[in-house]
Amino acid sequence: MSRPIEAQVLQHYRTVNPSRMPVETPEAWEALVERRLRIFRDRLHLPLQLFRGAQVLDLGCGTGEHTLVYAAWGAQVTGVDFNRLALERLQTLFARRRLHATVECTSISQWQPRQSYDIAVADGVLDHVEDQRGAFRKLAASVKSGGLVVICVAPLPGAEQRVLLRRLISRFSGGEAERAVALMRKWFPEYLDRARRFGSRTELQIVADNFLTPRHQPIALADLFDWMVEAELSLYRSWPPLEPPLADQANHQPITWLLSPYRAHLIRQASAWTVQREQDAEVYRSDSPEADRSWRHARWMEESQRIEALLAAGDQTALDQYLPTCQVVGRGCCGVGEWWLVGVKP
Ligand SMILES: C[S@@+](CC[C@H](N)C(=O)[O-])C[C@H]1O[C@@H](n2cnc3c(N)ncnc32)[C@H](O)[C@@H]1O
């Protein structure tokens, strides 16, 4: 392990593993499968039949709870991760269910695919690697013709929030995990609550993964799209949803999901998700989206500038008073915390 950042990330994941989730009871297992279905089947429109008998790669699989779901859907799975402790749990989980997984304990920077896959997944991984483009290239190259690349990342739209929260938390917790959790509870309880509802991770896992990991680099959609074009992938689906321009349909042109002509259009759509609050969904439907967007933007500027000033002054007492009154920072869904993209190889 020659890369210092990789070594720090590995050390971090050995201490608090964000992928570890309860699957031991039938209720916990069903809840996990249900959450995966909500994303894969309902939002990304991936029929489960695709998994039956498919060769599926889970790059950065961690403790393998999600890998186990793909195997339960009938896939032949391969899990790759550099954390041996995590892979040991994966193997225990698979043995308990009498399922098989091929595991490769290696860093993504050293990894070379040993075969081609029908579906290659990297969920919550690319944000933590040093060479993001290189990792994406390898992932895309590992897929067969007609195969799918499924990634989940923290993209730049909406990530400003996370970066600001990360700076606040790391500054006043000194990197100490319990203290970071206490600050989050005090300042941003909605964030923790939302993250808990999304998955069955503990507060410690959420805070450590989002704010204390040594490497968390959100990826610009423009870069992701460029990498997809470079790898000759078309866009199959995304969540939040991005659609090609309607004009093509009005002109009775075939809908093309090729990325190059629509790159700018899709990035504009994506930016509309920035600093979105859950409650704004109502406003979006009933009122002018433009008005709502500019309100949120103005509010975001005002609040983030005030926080910047208090952060620079190191004034925790003032932050204790101010943060709970914020209407955008740390509220609702805090911008888009994660972005799913599915590419298809021709
Ligand atoms: C946030 S967790 C996501 C785990 C899993 N994909 C899931 O869906 O729950 C990130 C995982 O990526 C792994 N990881 C991060 N950087 C890596 C690298 N350079 N090489 C291999 N694995 C890496 C970590 O060990 C960890 O298991």
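Residues numbered from 1 in each chain as written. Predicted model: local features only at pLDDT ≥ 70, side-chain atom pairs only at ≥ 80, totals over all residues.

**Looking at the overall build of the chain**
Threshold: Runs of H or I in DSSP of at least four residues are treated as helices and runs of E of at least two as strands, each being numbered from the N terminus. We call a residue exposed when 12 or fewer other C-beta atoms sit within 10 Å of its C-beta, buried when the count reaches 20 or more, and partly exposed for counts in between; the C-beta positions come from the backbone. By definition, residues are in contact whenever their C-beta atoms, placed on the basis of the backbone, come within 7 Å of each other.
Counting its regular elements, the chain contains 15 helices and seven strands. By residue count, 36% of the 346 residues in the chain fall in the buried class. The contacts in the chain between residues at least 6 apart in sequence include a share of 72% that link residues at least 24 apart.

**Some words on the site of the ligand**
This is how it is decided: Should the C-beta atom of a residue, placed from the backbone, lie within 6 Å of a molecule or strand, that residue is near it.
If you check the shell around the ligand, you find 22 residues, and the closest are Ser-19, Gly-60, Gly-62, Asp-123 and Gly-124. Among the elements that line the shell around the ligand, the one with the most residues is helix H1 (residues 4–15), at three residues.

**What about the sheet that holds strand E1 (residues 55–59)?**
One key point about sheets: their strands pair by backbone hydrogen bonds, in either a parallel or an antiparallel sense. Stated formally: Should DSSP find at least two bridges between two strands, the strands are regarded as paired. Geometry is summarised by axes, namely lines fitted to C-alpha atoms with helices restricted to the contacting stretch, and by angles between N-to-C directions that run from 0 to 180 degrees.
Sheet architecture is open: seven strands sit in the order E3-E2-E1-E4-E5-E7-E6, paired in mixed fashion. In the strand order of this sheet, the two ends are held by strand E3 (101–105) and strand E6 (234–239), each with one partner. When the angles between neighbouring strand axes are averaged without regard to direction, this sheet yields 15°. The pairing of E1 with strand E4 (residues 117–123) spans three bridges and is parallel. Bridge assignment links Leu-57 to a residue of E4, and that residue is Ala-120. Across the sheet, helix H5 (residues 132–141) is in contact with E1, E4 and strand E5 (143–153); its angle to E5 comes to roughly 145°.

**Here's the deal with H1**
The criterion, for reference: In a helix, the anticipated span is given by 1.5 Å times the number of residues less one. Note: the arc covers the axis-to-C-beta directions of the helix.
The terminal C-alpha atoms of H1, which comprises twelve residues, lie 17 Å apart, in line with the 16 Å expected from a rise of 1.5 Å per residue. When we look at burial in H1, the residues that qualify are Glu-6, Val-9 and Tyr-13. An end-on view of H1 places all buried positions within 65° of arc, on one side of the element. The exposed residues of H1 that point more than 90 degrees off its buried face are Pro-4, Gln-11 and Thr-15. Contacts from the buried residues of H1 go to helix H4 (84–96).

**Some words on the nonpolar core**
Nonpolar side chains in soluble globular proteins tend to be buried together. Here is the rule: Linking buried Ala, Val, Leu, Ile, Met, Phe, Trp, Tyr and Cys residues through C-beta atoms within 7 Å yields a set, and such a set is a nonpolar core.
The biggest cluster of nonpolar side chains holds 56 residues, and the ones touching the most others in it are Val-56, Leu-59, Ala-120, Leu-126 and Val-149. Per element, the largest residue contribution to this core is six residues, and it comes from E5. If near-sequence neighbours (up to four positions away) are discounted, Val-56 is found in contact with Phe-51, Tyr-70, Ala-75, Gln-76, Val-77, Tyr-117, Asp-118, Ile-119 and Val-121. Ranked by size, the runner-up nonpolar core spans 18 residues in total, among them Leu-168, Met-184, Ala-208 and Leu-212.

**Structural notes on unusual backbone geometry**
Of note in the backbone geometry, Arg-98 takes a positive phi value of approximately 55° without being a glycine. With respect to the secondary-structure elements, Arg-98 resides in the loop between H4 and E3. One non-glycine residue, Glu-232, lies in the positive phi region at around 60°. Tracing the backbone shows Glu-232 in the loop between helix H10 (221–230) and E6. Owing to 13 C-beta atoms within 10 Å, Glu-232 belongs among the partly exposed residues under this scheme.

**As for the environment of Asp-223**
Note that Asp-223 resides in helix H10. Separated by 90 residues in the primary sequence, Asp-223 and Arg-133 place their C-alpha atoms 8.4 Å from one another.

**Considerations on the packing of helix H7 (residues 177–187) against helix H9 (residues 203–212)**
Our working definition: Roughly parallel covers angles under 35 degrees, roughly antiparallel covers those over 145, roughly perpendicular covers 65 to 115, and oblique covers all other angles. Asp, Glu, Lys and Arg are counted as charged, while Ala, Val, Leu, Ile, Met, Phe, Trp, Tyr, Cys and Pro are counted as nonpolar; the rest, among them Gly, fall into the polar class.
Closest axis-to-axis distance for the H7/H9 pair is 9 Å, and the angle between their directions is 95°. Here H7 is positioned roughly perpendicular relative to H9, judged by the angle of their axes. On H9, the residues touching Ala-177, Ala-180, Val-181 and Met-184 of H7 are Glu-203, Leu-204, Val-207, Ala-208, Phe-211 and Leu-212. The class makeup of the residues in the contact of H7 with H9 is nine nonpolar, no polar and one charged.

**A short note on H7**
What H7 keeps buried is the set Ala-180, Val-181, Leu-183, Met-184 and Trp-187. Within H7, the buried residues cover an arc of 160° as seen down the axis, which keeps them to one side. Looking at H7, the residues exposed on the side facing more than 90 degrees away from the buried face are Glu-178 and Lys-186.

**Remarks on the pairing of E4**
Put simply, the test is: Here a crossover is taken to be right-handed if, once the strands point away from the viewer, the path from the first strand over the helix to the second is traced clockwise.
Counting buried residues along E4, six of its seven residues qualify, which places the element largely inside the surrounding structure. As judged from the six bridges shared by E4 and E5, these two strands associate in the parallel manner. The residue of E5 that forms the bridge with Ala-120 is Val-149. Handedness of the crossover joining E4 and E5 through H5: right-handed.

**Points about the confidence of the model for the chain**
To keep it simple, the criterion reads: Every residue carries a pLDDT, the predictor's confidence in it, which falls somewhere between 0 and 100.
Scored by pLDDT, the chain has a mean of 84; 80% of the residues are at 70 or more. Low pLDDT, under 50, characterises residues 274–288; the stretch is placed with 26 contacts to residues that sit more than four places away or in other chains.

**Some remarks on the pairing of E1**
The buried fraction of E1 amounts to four of the five residues, a majority that puts the element mostly inside the structure. Relative to strand E2 (residues 76–81), E1 is paired through five bridges, and the arrangement is parallel. Note on E2: the bridge partner recorded for Leu-57 is Thr-78. Of the crossover connections in this fold, the one passing from E1 over helix H3 (residues 65–72) to the parallel E2 is right-handed.

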